[in-house]
Amino acid sequence: MEHQEAQKISFGRQALNRVHDLNIRLKIIAPYLILTSIVMVIGIYVVTNLVFKSLDERLTNYTLEAGRVVSDSVVRQELTHQENARAIAYTEGLEAALRRQDVETVDELAHPIAVNEQLEYLLIVDAEGNTILHLFQQDGNLETITEPVDLEYVSIIQELLAGGTANVLPKRALGLHPVNDRYYYFTALPVGSGDELIGVITIGTAVDTLLPLLKTTSLADVTFYINEGPVSYTHLRAHETVL
């Protein structure tokens, strides 16, 4: 009996010693565990914050660069419009034909240039706003519109005519063509001799033709907003056009 009691006492002392040793270990280890946890949390926060900031900066820079590329592409398109309009305006005999409202001669002089340059839209009016030649591309063919069309859809023509002088810069705008219900990017160039306004030449490119080009050059999805309204044309999906 005495031996069994001695064993029980020994076991109790060993258990107390283990608890005591465990308490000592915890007292030594616990501060390091807490400190390590705090450092780990701070490290995760710093790394995550840096990564997100880096991604945000990259996205912002990419968006700005895409915007610059799109702007440059639109400017190049406008310069192409102006070059083609000047090529037509300076064609020998066109100014005289426009003065006398000679539709056939204007067509003979301007139509080949429109075909050669693959223009999607060409409108020539005289100083009174009378339509002399109206061409637009339909199903791959350049067709002539003979019926009268209200020019209000191209407001820049009205602005140039109202100015009454050829000594002004070309104008540009987006507009909806009333015949085929397509939005175009228009550039209007005054035609004249000195300050005298003889007419206006307007060249346009369909917005849904521009979008794939802008998407390819900018490597970004492009959306056009017209008159500060809802989305008119978008290239967020290659097969979808939102009106």
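In case you missed it, the structure is sitting above this.
Residues numbered from 1 in each chain as written. Predicted model: local features only at pLDDT ≥ 70, side-chain atom pairs only at ≥ 80, totals over all residues. Heavy atoms only, no water.

Chemist: For this particular structure, what's the right way to read the overall build of the protein chain?
Modeler: Scanning the protein chain for helices and strands turns up five helices and eight strands. Its helices and strands in sequence order give the protein chain the pattern α-α-α-β-β-β-α-β-β-β-α-β-β, from N to C terminus. Expressed as a percentage of the 243 residues in the protein chain, the buried residues total 33%. Long-range pairs, those at least 24 residues apart, make up 52% of the contacts in the protein chain with a sequence separation of at least 6. Per element, the accessible surface of the protein chain, about 15500 Å² overall, is 56% carbon and sulfur. (Helix = DSSP H or I, 4+ residues; strand = E, 2+ residues; numbered from the N terminus. Buried < 20%, exposed > 50% of the residue type's maximum accessible area, 1.4 Å probe, protein only. Contact = heavy atoms within 4.5 Å. Areas by Shrake-Rupley, 256 points an atom, 1.4 Å probe, with all protein chains shown as cover.)

Chemist: I would appreciate a short explanation of the side chain of Thr187 in the present structure.
Modeler: Along the chain, Thr187 falls in strand E5 (residues 183-193). Thr187 sits in the buried class, given a relative accessible area of 2%. A distance of 3.0 Å separates a polar atom in the side chain of Thr187 from a polar atom in the side chain of His81. Filtering out sequence-adjacent residues up to four positions away, Thr187 remains in contact with Glu78, His81, Gln82, Ile156, Pro170, Lys171, Arg172, Ile201, Thr202 and Ile203. (Polar contact = N/O pair within 3.5 Å; in protein donor to acceptor, adjacent residues only side chain to side chain.)

Chemist: Looking at this model, I keep getting lost on the sheet that holds strand E6 (residues 196-206). Mind explaining?
Modeler: Within a sheet, neighbouring strands are paired by backbone hydrogen bonds and run either parallel or antiparallel to one another. The strand order E3-E2-E1-E6-E5-E4 describes an open sheet built from six strands, whose pairing is antiparallel. Whereas interior strands pair on both sides, the edge strands pair on one side only; in this sheet they are strand E3 (141-144) and strand E4 (171-176). For this sheet, the mean angle separating the axes of adjacent strands, direction not counted, is 25°. The pairing of strand E1 (residues 121-126) with E6 spans six bridges and is antiparallel. Pairing of Leu122 across the sheet is with Ile203, part of E6. (Pairing = 2+ DSSP bridges. Axes fitted to C-alpha atoms, helices over the stretch in contact; angles between N-to-C directions.)

Chemist: Just to check I follow, could you spell out helix H4 (residues 155-163) for this structure?
Modeler: An α-helical turn contains 3.6 residues, so a residue and the one three or four places further along point in the same direction. Among the residues of H4, Ile156, Ile157, Leu160 and Leu161 are the ones counted as buried. Taken end-on, H4 shows its buried residues confined to a sector of 135°, consistent with a single buried face. Opposite its buried face, H4 presents the exposed residues Ala162 and Gly163, each directed more than 90 degrees away. On its buried side, H4 packs onto E1, E4, E5 and E6. Two residues or fewer past H4, Gly164 is found with a positive phi of approximately 70°. (Arc of directions from axis to C-beta.)

Chemist: What exactly am I supposed to notice about the packing of aromatic side chains here?
Modeler: The geometry of an aromatic ring pair is captured by the separation of the ring centres together with the interplanar angle, meaning the angle of the planes. All chains considered together, the criterion is met by four aromatic pairs. Geometrically, the ring pair formed by Tyr153 and Phe186 is edge-to-face, given 6.1 Å between the ring centres and 65° between the ring planes. Of the two residues, Tyr153 sits in the loop between E3 and H4 while Phe186 sits in strand E5, which places them 33 residues apart along the sequence. One exposure class covers both Tyr153 and Phe186, and it is buried. Among the residues examined, Phe186 registers a relative accessible area of 0% and is labelled buried. (Phe/Tyr/Trp six-rings, centres within 6.5 Å; stacked < 30°, edge-to-face > 60°.)

Chemist: What is the right way to read helix H3 (residues 103-116) from this model?
Modeler: Helix length check: H3 (14 residues) gives 20 Å between terminal C-alpha atoms against 20 Å at 1.5 Å per residue, within 8%. When we look at burial in H3, the residues that qualify are Thr105, Val106, Ala110, His111, Ile113 and Ala114. Following H3 by one or two positions, Gln118 has its phi on the positive side, about 55°. (Expected span 1.5 Å × (residues − 1).)

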